[in-house]
Amino acid sequence: MSSTIRVKLSIMMFLEFFIWGAWFVTLGTYLLHNLHATGTQVGVAFLTQSIGAIVAPFIIGLIADRFFSAQKILGVLHLAGALLLWRASSAPDFNSFYPNVLTYMVLYMPTLALVNSIAFRQMKDPQKEFAPIRVLGTLGWIIAGLTIGWLNWEQTNSLQATFLMAAGASALLGVFSFALPATPPVKSGQSSSIGDLLGLDAIGLLKNRSYLIFFLASIAICIPLAFYYGFTNPFLNEVGMKAAAGVQSLGQVSELLFMLAIPLFFSKLGVKKMLAIGMAAWVLRYVFFAYGDGASNYWMLIAGIVLHGVCYDFFFVTGQIYTDNLAGERFKSSAQGFITLATYGVGMLIGTLLSGDIFDKNTLAGGGHDWRMIWLIPAGIAAVVLLLFLLLFRERATAPAASDAPVAYGEASAVAPG
């Protein structure tokens, strides 16, 4: 791969995740404060990510893989996305805001797979070449959060500007996409079934009892994940943290550092212990949030944010590697699609609706919230999932090789914001 192509792919990755991080982290705060939405409406807004994740395979499988070059579709989707983000910024209430963000996420979620496809097609050795390029995506998310904090948009009630910033970056990537390396369709003339698109060919993996336990645990652990996505930023702002969006970027820094250490942990711990540590970190994070505050227990808030790297890498990335190794060559792609559909489709759907309802029920008369109860509920859910997993999951005698980790990093990062 030439240096020119490497630079182009790096810019593509940076902008792709800068766009998402520019508005997604503070969405809950914006809806509650600017549009005076309810907690349930916040949950419904974050549910658009799940809807987009479910629709994405159809757009990729029916259009990108068969008829048009990936970089051209990427450009069109981001140009359309820029218009939708601009419209969302001027919506006067939730009812007019929601159709824009729903349509946007249906268009945006497929681009996560498209940027990976464009990058992989240019690489001779993806296992070595992909990670240094994908890390620019994490950097883009971090820079977006730091920018929001530096400009003090949360404290000045100016979060409308996050959508305008994201719209500008989306328009820039839309235009830039047409200068990316040509990535023609790989399945031109071939037909695809719904089962192929959703990864249902891999359903046979559930005959493996341990994989079935992991599969169910993955769905269940995404329920508390929805609490983190939807209500962490409103919580941090309410307890008095300054530049909360910028501080939250410590979670992505943590994710990046732990990602580099995954091969070492794999060789020492194996799959079951890695997954269990990830789930235990979820419990600990929400306990820290439940008892943390903006005064003497401020360190708990920081610790809860930094634990994101353990929560995400040890469970989701490890799970992707476990799935990849168990599926075999024939079902690798369909298995990854199947687990993504289950987690970001079913699990997050349940979680977003539940989290919004719990938030509303713990709203106090004076306008504040009983955050301790709000966070102890997902902590309890994660604890139950962890206990059942430890009791029922049996690890194979042969653990996945540590060398597989960098490849799985790219696959796992295709959906989650981290």
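Above this text sits the structure in question.
Just so it is clear, the structure is predicted and the values come from calculations on it, not from any experiment. Residue numbers here run from 1 along each chain, matching the order of that chain's written sequence. Whole-chain, interface and lining totals are the exception, using all residues; otherwise, since this is a predicted model, local features are given only for residues with pLDDT of at least 70 and side-chain atom pairs are given and counted only at 80 or more. Water and hydrogen atoms were dropped before computing side-chain values, which therefore reflect all heavy atoms in the structure.

With that out of the way, let us pick up the overall build of the chain. The numbering of helices and of strands both runs from the N terminus, where a helix is a DSSP run of H or I of at least 4 residues and a strand a run of E of at least 2. A tally of helices and strands in the chain yields 15 helices and 0 strands. Among the 418 residues that make up the chain, the fraction classed as buried is 56%. Throughout, a residue-residue contact means that at least one pair of heavy atoms, one from each residue, lies within 4.5 Å. Nonlocal contacts in the chain, meaning residues at least 24 apart in sequence, comprise 85% of its contacts between residues at least 6 apart. Areas reported here follow the Shrake-Rupley algorithm with a probe of radius 1.4 Å; residue values treat only the protein chains shown as occluding. Total accessible area on the chain stands at roughly 15,900 Å², and carbon and sulfur atoms take up 67% of it. Here the term buried applies to any residue with accessible area under 20% of the maximum for its type, exposed to any over 50%, and partly exposed to those in between, with areas from a 1.4 Å probe on protein chains only.

Before going further, it helps to spend a moment on the packing of aromatic side chains. Working definition: an aromatic ring pair is given by the centre-to-centre distance plus the angle between the planes. Stacked, tilted and edge-to-face are the three classes applied to pairs of Phe, Tyr and Trp rings, where Trp contributes its six-membered ring and a pair requires centres within 6.5 Å; stacked means planes under 30 degrees apart, edge-to-face means over 60, and tilted covers the rest. For the structure on display, the rule yields 37 aromatic pairs. Judged by centre distance (6.0 Å) and plane angle (15°), the ring pair of Phe14 and Phe18 falls under stacked. Taken together, the residues span about one helical turn, with Phe14 and Phe18 both in helix α1 (residues 3-24) at a distance of 4 residues. A relative accessible area of 23% means that Phe14 is categorised as partly exposed. Residues Phe24 and Tyr229 carry aromatic rings whose centres are separated by 5.9 Å and whose planes lie at 75° to one another, so their mutual orientation is edge-to-face. Taken as a pair, Phe24 in helix α1 and Tyr229 in helix α9 (residues 209-238) lie far apart in primary sequence, 205 residues in all. No difference in accessibility class separates Phe24 from Tyr229, as the two residues are buried. For Arg285, the ring lying beneath its charged end belongs to Tyr228, and the centroid distance is 3.8 Å. Put simply, a charge is over a ring when the Lys NZ or the Arg CZ is close to the ring centre, within 6 Å, and near the line of the ring normal, within 35 degrees. The side chain of Arg285 reaches across the aromatic face of Tyr286, ending 5.6 Å from its centre.

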